[in-house]
Amino acid sequence: MLPTDNAVIHVVDDDAAFRRSLVFLLESVGWRVASHASAEDFLATRQDSPEVPACLVLDIRMPTMSGLELQERLRADGALPPIVFITGHGDVELAVQAMKHGACDFLQKPFRDQALLDAVAAAVRRGAEDRSRHAQRDEAKARLARLSPRELEVARLVAQGLPNKLVARELDISEKTVHVHRQHVMDKAEVGSAAELARLMLRADPAALD
């Protein structure tokens, strides 16, 4: 089960009345909500934590810094949370652009309350899934980083299904040396089989065995 119960929904909109209505709606179904009158206010007050899922409900048009500009800023910082954009009439082209840059969804005013609630729930789930995948990737990379360059070469061939004899021929080393390296790889990477090793390497880098 993904940890989404402690998620914080950040509502960023320069229209105070509309922002209050969104906050009320989201809080009415149990979400924790933070309200921001501008993109700059969000940037000044945000406190990122890898353990806390977050979602932005973001007005696409705002003075000074627009929703699209905030999205690009967060993307450049490598800290892009899932975003649900709120758009007005005639902003569909901008919303499509936002989706191409990683937004989860966009809603055009006026929209049904349930449409927003569904979009936010989906965005939070997506954010939690992304965080889980990133954590698994980082953990796999850390385990593989324990290997020496030669052990990594052996690991790659073993993960591709080659027996020791063919690994030895490929690397121009003795089969006995391959056996020693292979045992070190299994111990350091904390895996028990070639299949587990392959899964670990692909988790760290989907192109690792190409």
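In the block above lies the structure referred to throughout.
Everything in this summary refers to the structure shown in the same document. Note that this is a predicted model, so its numbers are computed, not measured.

## Comments concerning the overall build of the protein chain
Within the protein chain one finds nine helices and five strands. In the protein chain, the order of α-helices and β-strands from amino to carboxyl end is β-α-β-α-β-α-β-α-β-α-α-α-α-α. Computed over C-alpha atoms, the radius of gyration of the protein chain comes to 24 Å, more than 25% over the 17 Å expected from 2.2 N^0.38 for 210 residues, which places it beyond the range of a compact globule. For the protein chain, the C-alpha atoms occupy an extent of roughly 75 × 30 × 30 Å along the three principal directions. The contacts in the protein chain between residues at least 6 apart in sequence include a share of 62% that link residues at least 24 apart. Total accessible area on the protein chain is roughly 11600 Å²; 52% of this is exposed by carbon and sulfur atoms. Averaging the positions of the 27 positive and the 32 negative side-chain charges in the protein chain gives two centres separated by 6 Å.

## Comments concerning the side chain of His 36
Along the chain, His 36 falls in strand β2 (residues 32-36). Reaching out from His 36, the side chain makes a polar contact with the side chain of Thr 45 at a distance of 3.4 Å. Beyond its immediate sequence surroundings of up to four residues, His 36 is in contact with His 10, Val 11, Val 12, Asp 13, Arg 19, Asp 41, Phe 42 and Thr 45.

## Things to note about the packing of aromatic side chains
Under the criterion given, the structure shown has one aromatic pair. Aromatic pair Phe 18 and Phe 111: ring centres 6.2 Å apart, planes at 75°, arrangement edge-to-face. Here the residue Phe 18 occupies a position in helix α1 (residues 16-28), and Phe 111 occupies one in the loop between β5 (105-108) and α5 (113-144), the gap between them amounting to 93 residues. The lysine or arginine in question, Lys 109, covers the ring of Phe 18, its NZ or CZ lying 4.4 Å from the ring centre.

## Some remarks on the sheet that holds strand β3 (residues 54-59)
Read from one edge of the open sheet, five strands run β2-β1-β3-β4-β5, paired in parallel fashion. Among the strands making up the open sheet, the edge pair consists of β2 and β5. Neighbour to neighbour, the strand axes of the sheet diverge by 20° on average, direction disregarded. For strand β4 (residues 83-87) and β5, the ladder comprises four bridges, and the chain directions are parallel. Across the sheet, the residue bridging to Ile 86 is Leu 107, located in β5. Against the sheet, helix α4 (residues 92-100) contacts β4 and β5, and its axis sits at roughly 165° relative to β5.

So, how was this worked out
- Residues numbered from 1 in each chain as written.
- Predicted model: local features only at pLDDT ≥ 70, side-chain atom pairs only at ≥ 80, totals over all residues.
- Heavy atoms only, no water.
- Helix = DSSP H or I, 4+ residues; strand = E, 2+ residues; numbered from the N terminus.
- Rg over C-alpha atoms; globule rule 2.2 N^0.38 Å.
- Contact = heavy atoms within 4.5 Å.
- Areas by Shrake-Rupley, 256 points an atom, 1.4 Å probe, with all protein chains shown as cover.
- Lys, Arg positive; Asp, Glu negative; His and termini not counted.
- Charge placed at Lys NZ, Arg CZ, Asp CG, Glu CD.
- Polar contact = N/O pair within 3.5 Å; in protein donor to acceptor, adjacent residues only side chain to side chain.
- Phe/Tyr/Trp six-rings, centres within 6.5 Å; stacked < 30°, edge-to-face > 60°.
- Lys NZ or Arg CZ within 6 Å of the ring centre and 35° of its normal.
- Pairing = 2+ DSSP bridges.
- Axes fitted to C-alpha atoms, helices over the stretch in contact; angles between N-to-C directions.

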